[in-house]
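Summary of structural features
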Amino acid sequence: MPVNATALRQHGLTADEYARIRELLGREPNFTELGVFGVMWSEHCSYKSSRRLLKGLPTQGPDILQGPGENAGVVRVGDGWACVFKIESHNHPSYIEPFQGAATGVGGILRDVFTMGARPVAIMDSLRFGPLSSPQNRTICDGVVSGIAHYGNCFGVANLGGETVFDPCYSGNPLVNAFALGIAREDGLFFGKARGIGNPVIYVGAKTGRDGIHGATMASEEFSEASAAKRPNVQVGDPFLEKLLLEACLEAMATGAILGIQDMGAAGLTSSSCEMGARAGTGIEMDLDRVPQRETGMNAYEMLLSESQERMLLVAERGREEEVFRVFRKWGLDAVTVGVVTGDGHLRVKHQGEVVADIPNTALTDEAPRYQRPMQPAPSGYPDAPRAGLLSARRDWNQDLRQLLACDNVSSKRWIWQQYDTMVRTNTLAGPGGDAGVVRMELEAGESRFALAMALDGNGRWCQLDPRQGARLAVAEAARKVAATGAQPLAATNCLNFGNPEKPEVMWQLAEAIGGIGDACRALGTPITGGNVSLYNETLGQGIQPTPVLGVVGRLELAPGQAPLGARFPAPGLDIVLLSAAPKQTADERRRRFGSSEYAAAILGQTWGAPPALDLDGELKLHQLLRHAFQQGWLASAHQVSTGGLAAALAECCLNQRAEQPRLTAVGAAIELSADEAMLALFEESAGRVLVSCAPAQRAALQAAAQAAGLVALHLGQTQSEGLRILLGGQEIIHLGGDEMAAAWEPALEAQLA
Amino acid sequence: MKLGVVVFPGSNCDHDALRAAAEASGQAAVPLWHESQDLEGCDGILLPGGFSYGDYLRAGALAHFSPILGAVKKFADAGHPVLGICNGFQILCEAGMLPGALLRNAGLRFVCRQVPIRVESTSTPFTSAYQRGEILYFPVAHGEGSYFAAPEVLDRLEQRQQVVFRYAGDNPNGSLRDIAGVCNEGRNVVGLMPHPERARRALLGSGDGEKIFASLAAVCQ
């Protein structure tokens, strides 16, 4: 095929980029090479729009063993153990083919983790869908959830939940962000480096087919009506094969014969080989005739760009190939030497005796274009103040709370995660439904004192109103969820879901959000260890709200038999205390920020104003206080106040685990608030607040510690045996039975999807 | 006493079963590779949960052709204890070592949650430490767990008290007569869909499964 303007367009390359390619090669590329450049210089692989901005993120810290740039980040846990984790998007494929798109998203992130030498122990997902009133959105939601379940359940990794949000902006652009975490020995980590000239390059795992060709290019374009025609670009996952690949890789790594390894994700053979070479300053020469193939008659272009799943490329020590082959044979997997590490820094590919591509690795990686795209502040599109009279109308607060508990962004997500295996390998201390997921570190040498807590968070509406503040809040909330288990937040990973970066407003949103993430991660001591950028989330020119999703991982130190803190009030007769780092605000400021709440959107039907205020110093002190109070044994439960405000949080403390743990007895709460505007007191979403319960005898110590830290610790009331009762300035404004609340909260999602 | 856990490609609860078996027996449990025919002198065999051979065709359908299963059959015919959990139960049914079959869940979706089950028979090597009628909380985690057999087979199972566990108030998959677990006529082979190996610590949700392994340990001593 000729290299002409049409070919450039098909590969998503501009005329300027083509000129640069010619300059780097010192000649015209052939068609295969053009395909390789197209995919490696795609937004998905090269981060060409975002890389300059990402440089501003904090990535260092005393416990960070590996920051961005590898397959996943690595953080020290202690006692010689490390955790390996990352979040990655699979948005575009999940829109085109929800089941396989989501399934292969899980498969890809799991490979990123075990290629580092870690056994995956937990996954989570952050999902965004359009309203379920649309049949297409229901189909996408159902397909995505089934796809995640299919892959994770069969692979055998516990799914600890995550978050799911519904908003009209995700109707043509669902978001599927998959997070995975694994555990490794600090001295048993593996990296994607092609070390040692003359060492064999070995292909392992599934055979190569024609599936997924151009997946990375597809993920770097907007969608149109013709997108369904791209369905063949979506890869098909086989979790069984991936399970075998996991066991074989870990077993092969244990032989000591493997020097470097990388999964074949986007752009398959191409990206794995040139990135491994670039990281080590070496080259790779590969013979495509040796690549295991599932189809006949594939040409070099197809083999290099195939995104067939469940494949890995590794470099072994010369002479020890047989040790590696033996392990893969045992697991019934292909393992073939396809090339050799060279000293010239080139990716050289042969097919049927001819060199079909010869490109310096750095031209594909470090020399990929970097754009400083134009930016322009984007108006939020929302008014600054609510419609007249909206906040002062008389309302039935019981009715409002019932309605809020049943709305899609507050209701129980049990229908979703009941389809996930949440406890395989029997380490789950806190599964889906609480603030954060927690797995114990069950180690070869008996029990460990450490557990790992993890949570995902993002809020598109807040970022639409103010991307910088919205991003800061996402970091703070993810870290707060982790801290609410009693854990110390250690590090973060981010998935940046945005629209078309060629629009100056979108570019500005991206820059602001990355700035906000940097602010908050620095303040909270949680460096970014990697992640993923997903741009062009637009269909027919309609983009998503900017949706940075943050994953935060924390370390929990447990005494033998000690459980992490849960959200549920465990028993009647406990004191309920609201710990708060929320900044003081005037009444006008509160009303303005109230416009970003779920109550405003779902019950009042309007969004306005600004996201909640946030005091990052106070937030850090709050996390430290929670950890201290947990270690002192003062606390019986902790649940952060978020979507739906204090009223929804109180209801959740009563309803949490009610359906999952049939043996638990009912619990309720009665609290009294000082005189205030009822709507704000019940439903505002001020950041930096955590509802805790404690034995009455422990309250004084807790309040004293809070005061010493400059935090507010309001004693609100007591847990009861049943129902929720809220008094405001001496007047009862909420009184609902437990069954009444459960009837609103538990079946709402299922009723629309089952 | 030595316990073995069969490891098929795609088993993913083998690790949990090995751990439960080791802690009950007080000695390391033995992983038994699917290609082997040697049970290495084990006194009891567990078939763990997971997706053996990817559960392609039908859950458990391919595993029953594996070399190890011939050895397990001989072992069971000789009256030794064999327990199949989840995928292991599916394999035992496919292999004809237990009556009935496991169909896709009534809701056609994978279900993972804790359910109450009732102990219907204590005269098996895996339930002797329980009381008849006792209610246990075990997690289920499966997509194909709806127990099915012809009415006359079910009647015969009831008459011979081969129903070992029944869902008690929350049947998660549409199993006929709420059957969660059965045994063979010799009572030495038991299969159940719920996961006792995941119910061994109250900290992790329930400790009710511990006695399954304690029963086995007592029998094998």
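Above this note sits the structure.
Quick look at the structure, then. Each chain has its residues counted from 1, running along the sequence as written. The naming scheme follows written order: chains are lettered A onward, ligands numbered 1 onward. Where local features are concerned, this predicted model is filtered to residues with pLDDT of at least 70; where side-chain atom pairs are given and counted, the filter is 80 or more; whole-chain, interface and lining totals use all residues.

**Considerations on the overall build of chain A**
So the rule is basically this: By definition, any uninterrupted DSSP run of H or I lasting at least four residues is a helix, any uninterrupted run of E lasting at least two residues is a strand, and each is numbered from the N terminus. Computation of the radius of gyration draws on C-alpha atoms, with the globule rule given as 2.2 Å multiplied by the number of residues to the power 0.38. Exposure in this text rests on C-beta crowding, where 20 or more other C-beta atoms within 10 Å of a residue's own make it buried, 12 or fewer make it exposed, and counts in between make it partly exposed. The C-beta atoms are placed from the backbone. By the convention adopted here, residues are in contact when the distance between their C-beta atoms, placed from the backbone, does not exceed 7 Å.
On a plain count of helices and strands, chain A comes out with 27 helices and 28 strands. Relative to the compact-globule value of 27 Å for 754 residues, chain A shows a C-alpha radius of gyration of 26 Å, a close match. If one aligns the C-alpha atoms of chain A with their principal axes, the spans along those axes are about 85 × 55 × 45 Å. Buried residues in chain A amount to 61% of all 754 residues. A separation of at least 24 residues holds for 84% of the contacts in chain A among residues at least 6 apart in sequence.

**Notes on the overall build of chain B**
The number of helices and strands found in chain B is five helices and 11 strands. Its C-alpha radius of gyration of 15 Å places chain B within 12% of the 17 Å reference for a compact globule of 221 residues. In terms of its C-alpha atoms, chain B occupies a principal-axis envelope of roughly 40 × 35 × 35 Å. Of all 221 residues assigned to chain B, the portion counted as buried reaches 59%. Taking the intrachain contacts of chain B between residues at least 6 apart in sequence as the baseline, contacts between residues at least 24 apart amount to 75%.

**A look at unusual backbone geometry**
Residue and element names in this part refer to chain B. In this structure, L57 takes a positive phi of about 80° despite not being glycine. Structurally, L57 can be placed in the loop between β3 (44-47) and α2 (67-77). Given 10 C-beta atoms within a 10 Å radius, L57 is considered exposed. Unlike most non-glycine residues, R187 shows phi in positive territory, near 70°.

**Here we look at the interface of chain B and chain A**
A common way to express how large an interface is: the accessible area buried when the components associate. Under the convention used in this document: Residue polarity follows a fixed list, in which Ala, Val, Leu, Ile, Met, Phe, Trp, Tyr, Cys and Pro are nonpolar, Asp, Glu, Lys and Arg are charged, and the others, Gly among them, are polar.
Every contact between the two is made by 22 residues of chain B and, on the other side, 26 residues of chain A. When residues of the side of chain B that touches chain A are traced back to their parent elements, those giving at least two are α1 (14-25), β6 (111-119) and β7 (135-142) of chain B. With five residues, β6 of chain B is the single largest residue contributor to the side of chain B that touches chain A. Tallied by class, the residues present in the side of chain B that touches chain A amount to 12 nonpolar, six polar and four charged.

**Considerations on the packing of α1 of chain B against helix α5 (residues 210-220) of chain B**
Residue and element names in this part refer to chain B. Here is the rule: For every element, the axis is a line fit to its C-alpha atoms; helices are fit only across the contacting stretch, and the angle between N-to-C directions ranges from 0 to 180 degrees. Roughly parallel refers to an angle under 35 degrees, roughly antiparallel to one over 145, roughly perpendicular to one between 65 and 115, and oblique to any angle outside these ranges. The handedness criterion is simple: a crossing whose near helix is rotated anticlockwise from the far helix by less than a right angle is left-handed, and one whose near helix is rotated clockwise is right-handed.
Running from N to C, α1 and α5 point in directions that differ by 50°, and their axes come no closer than 9 Å. When the interaxial angle is binned, α1 and α5 end up oblique. Our pair here, α1 against α5, has a crossing hand that is right-handed. Residues A20, A21, A24 and S25 of α1 form the contact with α5, whose own contacting residues are F213, A214, L216 and A217. A breakdown of the residues in the contact of α1 with α5 according to their chemical character gives seven nonpolar, one polar and no charged.

**Regarding the environment of D400 of chain A**
Residues and elements named next belong to chain A. Counting through the fold element by element, D400 comes out in helix α15 (residues 397-406). Sequence-wise, D400 and Y599 are 199 residues apart; in three dimensions their C-alpha atoms are separated by 8.6 Å. Non-local contacts of D400, meaning those with residues more than four positions away in its chain, are made with R395 and I603.

**Focus on the sheet that holds strand β2 (residues 30-33) of chain B**
Residues and elements named next belong to chain B. To keep it simple, the criterion reads: At least two DSSP bridges between two strands are required for those strands to pair.
Here nine strands make up an open sheet; going across it, the order is β2-β1-β3-β4-β11-β10-β9-β6-β7 and the pairing mixed. For this open sheet the edge positions go to β2 and β7, each flanked by a neighbour on one side alone. Taking each pair of neighbouring strands and ignoring which way they run, the sheet shows an average axis angle of 25°. Against the sheet, α2 engages β1 (3-7), β2, β3, β4 (82-85) and β11 (189-192), with an angle of about 130° to β4.

That is the geometry; function is a separate question.
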